Each structure stands twice: as C-alpha cells, then as structure tokens.
Amino acid sequence: MFDDYVEHASAPVPDATRARGSLPAVQYEGFEPSPYDEDDNRADVYQDRVDVAPPAAPIFQLGEVQCPLSAPLVSLVVCSDSLYMGLANNLIIEIELSRAEQFIRIQIPRKPNEFSIYKLFLDPSGRHLLVTSIQGENWYFYRGWKKPKQLKGFKMVIESVAWNKAALLSSSHSTSTREMLIGARNGTIYEAVLDAEEDFFKSQERYLQPVFTLPERHPVTGLKFDMFPPLDPKEALVLVTTPTRIYQFVGILDRRSDEPGRVFSTIFAKYRETAPKIVELPGNVDYSELHVYGPNADQAYSLPKIVAWMNAAGIYHGTLSFDTRTDDLIDGAQLLPYPTVVSSPSLSPTRRSDGVNNVPVSMALTEFHFLLLYRDRVLGISNLNEQLAYEELLPLKPNEQVRGLTSDPVRKTYWVYTDQAIWEIGVSNEHRDVWKIYLEQGKFDAALQYANSASQRDQIMSAQAKAYFNDGRYFQAAQCYAQCSVPFEEVTLKFLDAGERDALRSYLISRLERTRKTDLSQRMMLATWLVEFYLSKCNELDDLVASESVSQDVDNLLAERAILEDDLRHFFETYKANLDPRTVYELIQGHGRTDMYLHYATVIGDFERVVEHWVMEEEWTKAIDVINRQSNLELYYRFAPVLMRQAPKETVDSWLRQRSLDPHRLVPALLRLQHAPRDPLSPNHAVRYLNHVIFEQGNTSPTIHNLMITFYASTPLSSTASTSTSTSQNHPEDDGPLLRFLSTAPSDPLTGKPYYDLDYALRLCKQGGRTQPCVHIYSKMGLWENSVDLALEKGDLELAKINADMPEDDDQLRKKLWLKIAKYVVQDKQDIKMAMRFLENTELLKIEDILPFFPDFVVIDDFKEEICTALEGYSAHIDALKAEMDEATKNAEAIRQDIAALQKRFVTLDAHERCSSCALPLMARQFYVFPCHHTFHADCLIGLTKEFLPAHALRRILALQTELMKTSHTTGIDRSTIANPSLITGTGAPGRQPASQRTLLSTNLAGGRSGGAANGFGRSVLSAGDRLRDLISPDALANLVTAPAGWIPGIGLGSGSGGGGGAKRDAGEKDAEKAERMRRELEDVLAANCPMCESVVSGLDKPFVQPGEVDASWDL
C-alpha cells in the first residue's frame, strides 16, 4: 500500500556510487525518511529536495469491491451506506456498508422467465426499496423485513422515482414514504404513498394516482422534486426528463389535510392547459439521466445547488435558483458536449462498434466534476472549465458488460458496476485543481478558498494584485501585494512610478502588520517611512485647504484631513515600540506639526517634553493637566516653582489630588509665594496646601510645621499707622489664623509638645510684633511668668488673666501670676474700684494680698466693705479650726483610754496547755498567748514568725539584734547567764541546748572587732536579703527578748563601792532603759500577729509539699 503513495522517478544507482560519498540518484518523494543522519551535511541538500511539493494525490481513485456474485448483476443502488444489488436470478442482496461482511439475501418468489429485474430504486434514508421488472410487475421491500411484498396496484414499468427527501431524512422511525412521484415508461407521472406498517385492513399501497402525462409519452427517465422554502414549504419544483426533453413544473403545494398524498395535483393541474418550461435537445438515444447535487445533501431541509441532465447532445447543466419568481429555476444553463473517446483495443469488435457514439452509458455528479461512464472507462470532466480532469480504463474481462454508474447522494460515494464486478470511485482530492481553474477565470476569492498551500495562495494573491493594479484599483492592489511574495522594491517602485503615494502608504501598513516582531530593523524602517508619508499627506491637505479657503468646497478636505490625523494618532499608539523617538521628533518638527509632536510625546510617555512645551507657551493650565494625567512624581517637583508662581490655585489642586508627593521637595516652590504680590481677598494657596498636608495627611515633619508658621507670621499686618506706633499696637484680627494654627496644631503624643520649633516660632512672632501668638508660645513653653509679663506689657489684661489660670496644678505659681496682674492693676492702672472687681475673678487672692500694692495715702473708704468681708471670713475660719481642734482632743483621750484597757486584759490558761508549734508543755519556758488562743514558746514563735515577715521587718529584727548584742558586750554581759535564766534563778529548763550552741551568728562575727567594723557588718547584713531568715537564731533571740533588765549584769544592780559607783549606776540605768526599749520594739515586731493565723493568708500561693519533702499520702 505504501507504494501507492510514493512514486520513484528513477531506480537506485549501484552501491559503488554511494560508497564514493555522492548524493543518491534516487528522487525521493512523499513521506520516505532521509537516508542520512541529522549531523550529515548531505541531509540539508536532501531536505531541500524534500521541501519541494510532492506530487498531488489523484482526484479520483478506482478500487474494485470484492463481492462474489451468484448471477449476473442487473442493477445496483446505494443510499445512506445501504447497498442493494439486483441479480438476474431475482435475488436481492442487501449490504450495510458499515458492516460489509454481513449479506442479507432477499429472494423474489418469481422465476426468471416470469419476472426479470429491470431497476432498483432506494430512498435517501436507505429504508424503502422499489423493484421494478421488464414485465411491469413491482415489488416493495422495507429494511428489516424477511421478504418483499408485491405492489399489485403498481402496473407499470418504473423508469424513475422522486423521493420526499425532507420527510424521509427528518424522521428515522417513520415507516411511510410520504408523498413521492413515480415516472413510468409510458410517460405518465404518478403520485404515490407507501407505508411499511403492518395493517390487516390496509396494504402497503396507501395511495397511487396519476397526476400528469407527457404529451409525447416518452419514458420519464429522470424525476426530481424539491419543496421550498425548506422549513416552511409552500411551493415545489418538479424536474422531469425524457430522452430528449427536460421539463420544469413550479407551483403551490396542496396542503388541505394532514393526510399524506395528493399534494402535487394542484401543481400539475395548471399545466394541463399551459405548457411548462421545456428544453428540448434531440438525439438518437433512448435514455437519459437527471442528477442534482447539494453540498449538504445529508441534511433533510437542504436544497440542491447544481442540476445536470445527461442526454444525447451532451450534459445540460446549471445552478438552481429557488429565489427567482419565474418558472425557469435553472440559472446559467449550459450544454457541455461529450469529449471524443477512442475505444480500447481490448474490446471486442461488436462492443467497439456499439461505442462509436460518444454518449456515455451513465453519469454521476460531484461538487466539481461530471463523472461519465463509458463501456470501457470512466471520465471526469470539470464543471468549472469543462476540461477533462480524470480518465481511467476499466479492467474488464472478456464478455464483461458495463451496467451503470450510481451514487450515494447522502454519503457522497460513487459506484461503477458491470454484470460481473463492482468498483468504487473514491473522491480523494477533488479540490486539487479548483484553485487553479478559478485563478484562470479571474475568480480570485473563490480560488483562495480552495488553495491548500502557501505557494498556491501566493500565486493567487500575486495574480490578483497585478489585475487590480492594471485596472487602476491601487488600494486593492496594495492589500494584495502585501500578502504575496512579490519583492518589496518592485512593488514600491511600481506605486511610486504611478504616483500613488496613498496606495503605497496602504501597502506599507499592510507589510508592517505582517512583518514578524523579531525583524526589528525592518519594522522600524517601515514605521518611520510611514510617519513621513502621513506627515507629508497632512501638509498636502493643509495646503489644499488653504488654497480652497476662498471657496466653499473645503468640507471634504477637512474631513479627509481629520481622518488622516486620526489614523496617524492611531498609528503612533499601535507602533510606538517600532519607532525611534529622536528620529520621529525630528520628522514632526521638520513638518511643523505641533499637535502630532505633543500626541506622540504623550503616547510614548514623554510627558516632560509635553509639559516643557506648554510652559514655554505659557499655557499653565494645560501643563498642569498633562502632569495630572501621568504618574511620574518628578515632573511635579521639577515644574512646581514656575507653576506655583503662575497658577497657584490650579497647582495646589493638582498637588492635593496626588497624595504620594513629598512635601519637603515642594518647599522651594511654596516659598516662591511668601513674598509674591497677592490679592488680599484671595486665599494663600501655599497655606491651603500646608493645611491639607498637616491636618488631612497627618504630616509630622517639623520643617512643614515651621513653614506654616513662617507663612502666617510673614503675613503683613493690616495697620496703616506709622512705624513708631505700629509696634505698640495689637491686631487680633490679623493674629487669628496664626493663633488657630498654634492652638490646633497636632502634638507629639509621647512628649506632648508641638512638632514646630517653639523658639523659631517665638522669634518670628517677636519680629512681626505679634503679641498674642508670643504669649501663646510662652505658655506652650511653660514660661507662664513671661507670658503674663508680655501680656501686661502690651496692656492686654484679659490675655494675662487667661494665661494666669493655665498652670492648674501649681496653685503657688497661679497666685504669683495673679499677684503680678493685681500689682499691674493697682499700681499701673491706679484704679481702686477695678482692683476690687479684680478680686472677684479669682479665689487665690484676698484683700490682704493686694493691700501692700496700695499707696499710703489711699482712702480706706474705697474698699471698706471688702475689708469687712475679709475679716468676717477670717473669723468664721478661725471658729471652724477651733471646733476641729476640740474634736481631735476628744478622740485622742478616748484612744488613750482604750490602750490602757488593753494593757489590763488577761487570758486564763490550763496548767497542761501545750505549745501550738512544738506540742511541748507551755509552762516549761517563756511563752506568748494571742487573742485567738494560740500559744507558743518564745523560740517557737520567732521560728514561725520569720517565715512570713516581709524583708523590711527582718532587716529591722537583725538591726535590733545587733544593737542588743553590742550593749551586752559593752556592759560585759555574761551571755551564758542571759541565754540560760536558770543559772540566775536556780532552776533549769529541761531540754534546752547549751549556751554555746545558741549564740547568735551576729554575736560570733562581732566578737573582737571595733564599733566601726560592727557597723559595717550590720550594713552587710541588711543588704543580704536572700539570707535574712538564715541569720536569725530563734533560741538566742528568744533569750534577748524575754530576759528581764535585772538579769543583765551591771543593769539595775548596785555596785555600792567607791565614789564612781553613782556614775556607773547612771550609765547602767541608761543602757538598761535603751535595751528595754529595743527589747520592747523587737517584741512588738515578733508578736504583732499570730503566726498560725497569719500563715494561712501568706501561704495561699505555696505548694502543700515543700521542695525536698517526701509525702506518700497521695499515692494510689
């Protein structure tokens, strides 16, 4: 099979030639692979040969169908992939082409001498089959039946059948043929309806009626009808052919009932008196064929486009036009004579003599060809140029006779059959030469539709461009030249020689559109040349408009110029990436097109150049509009000074819309307005912008805030007085904006100070002579005295009062400030009555506070009432203080009585009471009893108390402990006696440790050191907070707390000898008193609260099991 698609032009050369490295002599075509590797240089040469278009596939291919036949084949029909063959032994063979291996044999129960099959007729759906015989007997077969049924009412030899294609293809389940026309050999046309549905009371022949008889009564060899419009059929065209005539019957359908049948009677009725459209072509043959072709024949409601009638004179063909209102619907009818055919030498002499005439045996109609079947070959003639396009001899056997050529109009298949074989004509490449035929006929658009390769399209476009150019249709020629391979230089010179610069511009645009984006140089040259063309044309139109301005015929020129300018603008927008800006600027400036200069700069984003142009033209508003339409902030900063000077309002409006601007970079432009002349009634736009930045955008830069104060402070005062007096006058109406800013300016939330520099603002306000702002700034700086002094200096008493009340947290300072104001009122104003009224404004000053300010000679009558009122107030205040003192004395006496009662309180204990801590007998040694009835030994109490006492109490205990130990060393106390009272009383406490083991750690460390060392050790002990509890020894401290003064040697005991005994006794008594006082203080600290009760509260955040303890009570 592969050899069918590959043609070898020559045989391969011997191997020795290839061994020498030369190219192979075989011309490879088709899809054969290259014999060389990709790396071999010869592969490129080979590839160049392969790139040559391979031979096109044949238009038609004749292939034999393998189908054994049990008898000679008489007739064959194919529709919708259903094939039926009628054999001479009256056997019908049905083949579904989708399942070609399955044959269905239908036998007609007649003997060959009684019934001879003449023709088969198959409907477009492939379901209904009519079998007619030479004897006039007809049979009907429906797909799916086991055997055919005879049509007893059909007593005629059927020559042709016109099926209702729309009804049959639109319903795949209907068993009815609907209305159809039957052409008989006797020249009569019948309307009939068959139905395959089984009905006991009805036969399949539902309806049969003759509707028309041809006057010459020749056989009806061809019969077709189509109803139109397809979706709503109201009319019908019926084509009827005989061997020498073709008839056209056109009329309105009869749809009086829904029953099928009887729809053609009205069409033929009107032709009983009038003749239909007839074309007669005489001949000496007794057969003809009628064929129609539609590109969408498989669709139920499609209409045919081409009609062809094969007769003795040739092929009468044309196109069907169903829109015409005449009875002749065949448009452009032509007669194609048959080509001269020489019979094949292989035919027998008898068959050669039969085929002397050139009339084919049968024909079929394709989209572009007439297929003609002769007795030994098949021809294909193009219906476009009537040239022979295909010819192939039939491989006939001896005595094999050609029967006919049939086609499947739905599936577009074509079949040739003889009495012994069947061939299928495959339509493989029917469109191969269509483009070339249309090109020769000058139908370029149609040729392009059927061009299959780029080279074909190129030939068509080249020919079309040349034709357009020769006809003077230059713009169409330009478009075609742009799509073909004609050299660029040739086309350009042709248009330049013809003086068609506009058409050349169109050609260049088309070429630019089709140039690859990677060809940067070509695209740039084309685009630049086009800009030159556009600009030249614009100037040319300007000259024409100027020359025609005296007349009124300039509207067309103006419209053309506007269109051209729009095209140029669109060109700039589309091809801006293919243009060199510097070159384009030079071209535009050379032509003086300012509008295009600005538009191109805008398109490529060169807004700086546009703004510069408008600034030079002093078109400030246009310059600002351009800046507003772009996003580059640098243009705002660059042109801000000049625009702020010339158009401050519009410039500030532009700045307000662009929130991304940096105000610091606009400061130079804002300063341009500081000393610029300005209308007093117009607002200061620099201040307006700064207000927006500070209060709307929340800018906190000190520079911006200081600049705002600069603008406010530099505003000239509205005073017309002389220079000598203007500095002493106040202008509150001019200070209002500045004061409002100073009052409302945002402050730093961390420091509470404003963002502007107070010193700088104060200096500006002083230079400008602005008193109220200076006073406000002094108050912001906390210099209240300066602010009040300045206000009084300027004579603004109310401003001084306001500032005197500002330090709300410092009453002394407020009083001082009010005294300054009072002194000013009394001494400077010398208005006694005003001074008296002044006292009503504050509660801090009294009459006695301002009396020193009055002169000695002042008369008391002026403020006698105020003095009396003050004295009465003082008397009432003294009485209130006296009452409070009496109440306090009573309370103190009551407290003393309560304390005395507490000292006499007692508690009764049982002799067997035990310590709440150690559970030993309580009476064994010194103990403490608390109101909660908890009892503790002294040492047990100290051991419990030190665990919850705070750090400061522990430090105090250690300090007292150290002082007591120093006293014991100074007085030579026998520590063993103090530590063990039983040595004095003669009784011993059981279970007590030796004194040497109960000595305080501080005592051991203090032994043998001086007093300074002891003090240093005490400080070190106080600083050791983490070891405070470890430094306290409960046993030794208990001895110090509970030892009576008489137990310490030298304290409370008389020495009785010598004159120095009295002095020693006094010193001992003082030491004893000091020791007793420290002991009581130590006792108060240790026994202040019950440790058992206090530990409940202080131990809430401590664990039940202390670190290091082992508690198994919670184990499971």
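Residues numbered from 1 in each chain as written. Predicted model: local features only at pLDDT ≥ 70, side-chain atom pairs only at ≥ 80, totals over all residues. Heavy atoms only, no water.

*Asks:* Is there a simple way to think about the overall build of the protein in this case?
*Replies:* If you tally the helices and strands in the protein, you get 41 helices and 30 strands. Split into buried and exposed, the 1116 residues of the protein put 42% on the buried side. Long-range contacts, defined as pairs at least 24 residues apart, comprise 52% of the intrachain contacts of the protein with a sequence gap of at least 6. Per element, the accessible surface of the protein, about 60400 Å² overall, is 51% carbon and sulfur. (Helix = DSSP H or I, 4+ residues; strand = E, 2+ residues; numbered from the N terminus. Buried < 20%, exposed > 50% of the residue type's maximum accessible area, 1.4 Å probe, protein only. Contact = heavy atoms within 4.5 Å. Areas by Shrake-Rupley, 256 points an atom, 1.4 Å probe, with all protein chains shown as cover.)

*Asks:* Teacher, can you tell me more about the pattern of salt bridges here?
*Replies:* Side-chain pairs of opposite charge can arise where the charged atoms are in close proximity. Following the criterion strictly, the structure yields 35 salt bridges and no others. Here Asp606 ties to Arg609 by a salt bridge, and the two come within 2.9 Å at their closest N and O atoms. A residue is classified by how much of its surface remains accessible, and Arg609, at 29% relative accessible area, is partly exposed. Arg665 is paired through a salt bridge with Glu634; the nearest N and O atoms lie 3.0 Å apart. Separated by 31 residues along the polypeptide, Arg665 in the loop between α19 (648-657) and α20 (667-671) and Glu634 in helix α18 (residues 633-646) bring together distant segments of the chain. Via salt bridges that share partners, Asp542, Arg561, Glu565, Arg593 and Asp595 belong to a single interconnected network. (Salt bridge = Lys/Arg side-chain N within 4 Å of Asp/Glu carboxyl O.)

*Asks:* Would you mind going over the packing of helix α15 (residues 594-603) against helix α16 (residues 607-616) with me for this structure?
*Replies:* In a packed pair of helices, the relevant descriptors are the angle between the two axes and the axis-to-axis distance. The N-to-C vectors of α15 and α16 enclose an angle of 145 degrees; their axes lie 7 Å apart at closest approach. Between α15 and α16 the crossing geometry is left-handed. Contacts from Thr594, Tyr597, Leu598, Ala601 and Thr602 in α15 reach Phe607, Arg609, Val610, His613 and Trp614 in α16. Taken together, the residues of the contact of α15 with α16 break down into 6 nonpolar, 3 polar and 1 charged. (Axes fitted to C-alpha atoms, helices over the stretch in contact; angles between N-to-C directions. Left-handed = near helix turned anticlockwise from the far one by under 90°. Nonpolar A, V, L, I, M, F, W, Y, C, P; charged D, E, K, R; others polar.)

*Asks:* In this structure, what is going on with the pairing of strand β11 (residues 180-184)? I would like to understand it.
*Replies:* Walk down a regular strand and you will see the side chains alternate between the two sheet faces. Of all 5 residues in β11, 5 are buried, a share of seventy percent or more. By the alternation rule, side chains of β11 split into Met180, Ile182 and Ala184 and Leu181 and Gly183, which are all buried. As paired elements, strand β10 (residues 158-162) and β11 share 4 bridges and run antiparallel to each other. Note that in β11 the partner of Ile158 across the bridge is Ala184. Pairing analysis gives 4 bridges linking β11 to strand β12 (residues 188-194), with the strands arranged antiparallel. Residue pairing for β12: Gly183 is matched across the bridge by Ile189. Connecting β11 to the next strand, β12, in antiparallel fashion are 3 residues, including Gly187 with a positive phi near 85 degrees. (Pairing = 2+ DSSP bridges.)

*Asks:* Teacher, can you tell me more about the sheet that holds strand β26 (residues 402-408) here?
*Replies:* The strands making up a sheet associate through hydrogen bonds between their backbones, and the pairing can be parallel or antiparallel. Within the open sheet, the 4 strands sit side by side as β1-β28-β27-β26. Their pairing is antiparallel. With one partner strand each, in any of the chains shown, β1 (60-65) and β26 form the two edges of the open sheet. Averaged over all pairs of adjacent strands, the angle between strand axes in this sheet comes to 25 degrees, irrespective of strand direction. In terms of strand pairing, strand β27 (residues 413-418) meets strand β28 (residues 422-427) through 4 bridges, oriented antiparallel. Bridging from a neighbouring strand, Val416 pairs with Trp423 of β28.

*Asks:* Whenever I open this one, unusual backbone geometry confuses me. Can you help?
*Replies:* Trans peptide bonds make up the majority, and among non-glycine residues the majority have a negative phi. Put simply, Phe228 and Pro229 share a cis peptide bond, and its omega is -10 degrees. At Asn90, a residue that is not glycine, the phi angle is positive and equals roughly 65 degrees. With respect to the secondary-structure elements, Asn90 resides in the loop between β3 (82-87) and β4 (91-96). A positive phi angle is found at Arg178, which is not glycine, with a value near 55 degrees. Assignment of secondary structure puts Arg178 in the loop between α3 (165-170) and β11. On the accessibility criterion, Arg178 (31% relative accessible area) is partly exposed.

*Asks:* I'm lost on helix α8 (residues 454-470) in this one. Help?
*Replies:* A turn of α-helix holds 3.6 residues, and therefore any two residues three or four places apart point the same way. Counted at 1.5 Å a residue, the expected span for α8 with its 17 residues is 24 Å, and the 24 Å between its end C-alpha atoms agrees. Within α8 the residues assigned to the buried category are Gln456, Asp458, Ile460, Met461, Ser462, Gln464, Ala465, Tyr468 and Phe469. At its buried positions, α8 is contacted by α6 (434-440), α7 (444-449), α9 (474-482) and α10 (488-498). One or two positions beyond α8, positive phi appears at Gly472, with a value near 80 degrees. (Expected span 1.5 Å × (residues − 1).)

*Asks:* Where do I start with the nonpolar core in this structure?
*Replies:* In a soluble, globular protein the nonpolar side chains are often hidden away together inside. In this structure, Tyr481, Phe495, Tyr507, Phe571, Phe572, Trp655 and Leu670 are the most contacted members of the largest nonpolar core, which totals 101 residues. Residue contributions to this core peak at 10 residues, all from helix α12 (residues 520-547). Contacts of Tyr507, omitting those with residues within four sequence positions, involve Ala478, Tyr481, Ala482, Phe488, Val491, Thr492 and Phe495. Listed in part, the 37 residues of the second largest apolar core include Phe212, Phe225, Met227 and Leu303. (Core = buried A, V, L, I, M, F, W, Y, C linked by side-chain atoms within 4.5 Å.)

*Asks:* So what exactly am I meant to see when it comes to the sheet that holds strand β22 (residues 362-365) here?
*Replies:* Within the open sheet, the 4 strands sit side by side as β22-β23-β24-β25. Their pairing is antiparallel. Among the strands making up the open sheet, the edge pair consists of β22 and β25 (388-393). Taken over all neighbouring pairs, the strand axes of this sheet differ in orientation by 15 degrees on average, direction set aside. As paired elements, β22 and strand β23 (residues 369-373) share 4 bridges and run antiparallel to each other. Paired with Leu365 across the strands is Phe370, a residue of β23.

*Asks:* Looking at this structure, how should I read the pairing of strand β7 (residues 128-133)?
*Replies:* Most of β7 is tucked away, with 6 of its 6 residues classed as buried. Here β7 shows two buried faces, one formed by His128, Leu130 and Thr132 and the other by Leu129, Val131 and Ser133. In this structure, strand β6 (residues 117-122) lies alongside β7, joined through 5 bridges in antiparallel fashion. Within β7, the position partnered with Ile117 by the bridge is Ser133. Linking β6 to β7, which pair antiparallel, is a turn of 5 residues; within it Gly126 sits at a positive phi near 75 degrees. Counting the residues that bridge the hairpin from β7 to strand β8 (residues 138-142) gives 4 residues, and of these Gly136 lies at a positive phi of roughly 90 degrees.

Function cannot be read off these values alone, since they describe shape.
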